[in-house]
Each structure stands twice: as structure tokens, then as C-alpha cells.
Amino acid sequence: MGRVASCTTLYRWSGPEPEWADAVALEWDGQLSKAQNAAAAAVLSAVKKEKELLVWAVCGAGKTEVLFSGIEAALQLGKRTCIATPRTDVALELAPRLQKVFPSIAVAVLYGGSEDRHVFSPLSISTTHQLMRFERAFDVMIVDEVDAFPYSFDQSLQWAVEKAAKKNAARIYLTATPSKRWQEECRYGKRNFIKIPARYHRKPLPAPVFVWCGNWRKSFEKSKLPRVVLKWVRERLQAGKQALIFLPHIQLMENSLPLFKQLHSSIQAVHAEDPLREEKVNAMRREKIPILLTTTILERGVTFSNLDVAVIGAEDPIFTEAALVQIAGRVGRSADFPGGNVTFFHHGKTKAMIQALVHINHMNKAARKAGLIDE
């Protein structure tokens, strides 16, 4: 948004609807799975009928590809479309993918400091914060990771999304971890939804393993890594397997980084306020970083091809069921590397940890029953 004072004059467009002359065509030759096809058809129907739809899809199910045909139809019908996401990282990752499959239009990417903030486009990818700049602008509003912080906790952001959409706009929500209330609404037929319980590569979701690591905080205070954590890290370094290690707090992560660097000098840490955040994530993708310590900032919206994941202090309240499911969902996303290890190091199991395991096992069971995965 930029800085706005109480005396700032705000304007809104009251002229004719903007139009785009170029024909819009989807250029994508990929194939959708059976579950993806069903979801894509539901999205297309919601767009055409201007309805609301929840796409409840496991992490790595290929939610973005499910949107392609619906977005194409919307643009061909002259419907201005927005994909909103709570996090800048996700917007930056989605932008090149959408631009590649819709090369005939310039996709606008809106986030704090974006150079596209004054650019009109029939297709915009925006953080939810930036939607405060719009009023009744979009015919199709797609909200990715609808349960993610800060959108799920900040009513002003929810208001911004609602304000930016036209009153009769199609509204499509995407998530792997809908809120308990939304899950109940789906269960009792009060919410229109479609579920994708399996990934496109037809392999089961990696389930987390719980490993007790004692009082890990005291170990860090004594400048030591817990023995089981040390063993886990060394095994990944010896095997040349990249890994993400999640810690509950920034200060704890920064204090423990020197301990990890003793094992390998290229190990790095990243968090939301890190000015080198984007560079570090890209270096991880290029396999320049063997292990990346992180807060929950990387729990969703980023994809690495061949990865193991650990959570240190999985019992901390910041690691909710949804957060743990999303963290586990970083593993096994690639068809070339559909498996991997997910370890929750803890000093006592929590309800959230158990619920996350039950959630993942439930999705795998549903996928098996529907014939959507191969063992």
C-alpha cells in the first residue's frame, strides 16, 4: 500500500470498464490427474456461474494447474481475474508460472515495492495487503492458501479481498488445511467444495515421524545440538540430501545457527525480516545450500525438488496442526523424488502433532479408497 495518512485523498475509478483487445489462450501441454480434472471442472463451473468454491487439496496436489482452464475461460469472457495470496513469496513464485502459460498478456504482480502497482492487467497476482488499493475491480477472485497467516487472522485483509471483488464475482478458495469451521461446513453440505486427496504423481504423502529429543532448549543454551538432531543432520550431509529445519522463533534460530555451521559452513538461516530472504531461497533451489534453517515463513508456498524436513521443538504452540501439515507437505512434491523424511523432534507430544499425523493419514486413506495413489 505504501504510507497513507488520515488526510490522504483516496480516489476510485468511475469510468467505463477497461477492456483488452488481445485474444487470450492457454499455452500448456501438461496433463491433469483424475482428481485434478474433477477439480478443474468445478473451478470452470464456478467461474462461469459466478459461484463460490473451496478447493481442498493436499500439499503438492497441483492446485495452480487446476486453475488454468478456469482462468482461460474467465479472460476469454472478459472477466478480470485476481489470484490473491497472503505472502509475497507465493506471489513471486506464481508469477512466472502464470506468465508462461498465458504469454499473450502481461501478468501484473502486486506486492510491497512492486513496479506493477500502476499497471492494468486482465490477470493480477497480488498479496492480500495490496488489495486494499482496489474496489469492485475483479470478476473472479481466487484466494490461495486461504488459511495462511496473516490473512486468516486479520479481518482487515479479509475485508480487502471482499472489497476488491465485484458483488457477483466468482470466489474460489484454495488450501490444504481449511479451518475447523470450514471443514464442518463441507462435512454438512453447507459449503461448496471439491477435494483432491492425492498428489498428481500418485504417491502417498510422507507421514511425519515423532522423535523425542529431550530438553532441546537447554541443549542450545549449552551450545550443543541434541544428539538425535546432530545424527539427523549428519546423515543428510553425508547423503547429500538437502533439508529444511524449522525452529519456532527467530532469535532461537539465529543463536543456534553457529552450532549448525560447525557441521557445514554453507548452512544458512532465513526468516521473514531477512533482507536476503529471496536470495537464500533461490540458492537453496540451485542446491548451493545443503540445509536451511527457517521459521514458519517457509511452511508453504515454496517447492524444492528433493528434500527432507525436520521440526525442532514441534511441541511449541506456533506449530499448529495446519502449520505441521504444511511443513510435512514440503517433502515429496516432485515426481522424480516422491518420498522423503519428515521428523518432528519434540520434548513432549502435543494434540497438534497428533492431529497433523491423523490429517495426513486420512488423506492417504481417502486417496487409496478413490484409487488415486499407487503404493
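Worth saying up front: this structure is predicted, and the values here are computed from it rather than measured.

1. With respect to the pattern of salt bridges
Applying the stated rule across the entire model yields 19 salt bridges. Among the salt bridges present, the one from R217 reaches D316, with a minimum N-O distance of 3.1 Å. Placement of R217 in helix α6 (residues 216-221) and of D316 in the loop between β12 (307-312) and α10 (321-328) is noted, with a sequence separation of 99 residues between them. The class of D316 is buried, set by a relative accessible area of 9%. By sharing partners, the salt bridges in this structure join K231, E235, R236, K241 and D308 into a single network.

2. Let's talk about helix α11 (residues 351-369)
An α-helix turns once every 3.6 residues. As a result, residues three or four positions apart point the same way. For α11, with 19 residues, the first-to-last C-alpha span of 26 Å sits near the 27 Å given by 1.5 Å per residue. Every buried residue of α11 is listed here: A352, M353, A356, H359, I360, M363, N364 and A367. In a view along the axis of α11, the buried residues occupy a sector of 125 degrees, so they form one face of it. Looking at α11, the residues exposed on the side facing more than 90 degrees away from the buried face are K351, V358, K365 and K369.

3. What to know about the UniProt feature "domain: Helicase ATP-binding" (unreviewed entry) in the chain
As recorded in UniProt, the sites labelled "domain: Helicase ATP-binding" (unreviewed entry) are residues 44-196. Annotation note: span residues 44-196, helix share 34%, strand share 27%, distance between end C-alpha atoms 16 Å.

4. With respect to the sheet that holds strand β3 (residues 108-110)
Sheet architecture is open: seven strands sit in the order β3-β4-β2-β5-β6-β1-β7, paired in parallel fashion. In this open sheet, the two edge strands, each paired with only one partner strand, are β3 and β7 (193-196). Put simply, the sheet's adjacent strands are angled 15 degrees from each other on average, direction ignored. This element, helix α1 (residues 34-49), spans β1 (52-57), β5 (138-144), β6 (165-175) and β7 of the sheet and lies at about 160 degrees to β7.

5. Description of the nonpolar core
Core analysis: the biggest nonpolar cluster contains 95 residues, and L98, L131 and M141 have the highest contact counts within it. When residues in this core are grouped by element, the largest group, seven residues, is from α1. Setting aside its immediate chain neighbours within four residues, M141 contacts C82, A84, L131, V161, A164, A165, A170, R171 and I172. Counting residues in hydrophobic clusters, the runner-up holds 22 residues, among them V233, A243, I291 and A310.

6. What about unusual backbone geometry?
Negative phi is the rule for most residues except glycine; trans is the rule for most peptide bonds. With a phi close to 50 degrees, E145 is a non-glycine residue in the positive phi region. Along the chain, the position of E145 falls in the loop between β5 and α4 (155-164). Note on E145: relative accessible area 7%, which makes it buried. Located in the positive-phi region is R202, a residue other than glycine, with phi close to 65 degrees. Tracing the chain through its elements places R202 in the loop between β7 and β8 (209-212). We classify R202 as partly exposed; its relative accessible area is 29%.

7. Observations concerning the environment of T343
Looking at where T343 falls in the secondary structure, it is placed in strand β13 (residues 342-346). Distance in space between the C-alpha atoms of T343 and D308 is 8.4 Å, their sequence separation being 35 residues. A distance of 3.3 Å separates polar atoms of two side chains, one belonging to T343 and the other to W232.

8. Examining empty space enclosed by the protein
All told, the structure shown has two cavities of 30 Å³ or more when counted by the stated rule. Approximately 100 Å³ is the volume found for the largest cavity. Considering the residues around the largest cavity, the lining is formed by V58, C59, A176, R199, L205, P206, V325, A328, G329, H359, I360 and M363. If you tally residues by element for the lining of the largest cavity, the top one is α11, at three residues. Here the residues of the lining of the largest cavity are counted per class, giving nine nonpolar, two polar and one charged. If you go around the second largest cavity, the residues you meet are S33, A35, A198, R199, Y200, R202 and L372. In terms of residue class, the lining of the second largest cavity is built from four nonpolar, one polar and two charged.

9. Structural notes on the sheet that holds β13
Pairing in this open sheet of six strands is parallel, and the strands run β8-β13-β12-β9-β11-β10 from one edge to the other. The sheet terminates laterally at β8 and β10 (268-270), the two strands that pair on one side only. Going across the sheet, the axis of each strand differs from the next one's by a mean of 25 degrees, ignoring polarity. Both strand β9 (residues 242-246) and β12 contribute to a ladder of five bridges, which runs parallel. Residue pairing in the sheet places Q242 in a bridge with L307 of β12.

Basis of the calculations
- Residues numbered from 1 in each chain as written.
- Predicted model: local features only at pLDDT ≥ 70, side-chain atom pairs only at ≥ 80, totals over all residues.
- Heavy atoms only, no water.
- Salt bridge = Lys/Arg side-chain N within 4 Å of Asp/Glu carboxyl O.
- Helix = DSSP H or I, 4+ residues; strand = E, 2+ residues; numbered from the N terminus.
- Buried < 20%, exposed > 50% of the residue type's maximum accessible area, 1.4 Å probe, protein only.
- Expected span 1.5 Å × (residues − 1).
- Arc of directions from axis to C-beta.
- UniProt positions renumbered as here; feature names shortened; annotations may be inferred.
- Pairing = 2+ DSSP bridges.
- Axes fitted to C-alpha atoms, helices over the stretch in contact; angles between N-to-C directions.
- Contact = heavy atoms within 4.5 Å.
- Core = buried A, V, L, I, M, F, W, Y, C linked by side-chain atoms within 4.5 Å.
- Polar contact = N/O pair within 3.5 Å; in protein donor to acceptor, adjacent residues only side chain to side chain.
- 1 Å grid on protein atoms, 1.4 Å probe; cavity = no way out; pocket = protein on both sides within 12 Å on 5 of 7 lines; lining within 4 Å.
- Points joined across faces, edges and corners; volume = space filled by probe spheres on them.
- Nonpolar A, V, L, I, M, F, W, Y, C, P; charged D, E, K, R; others polar.

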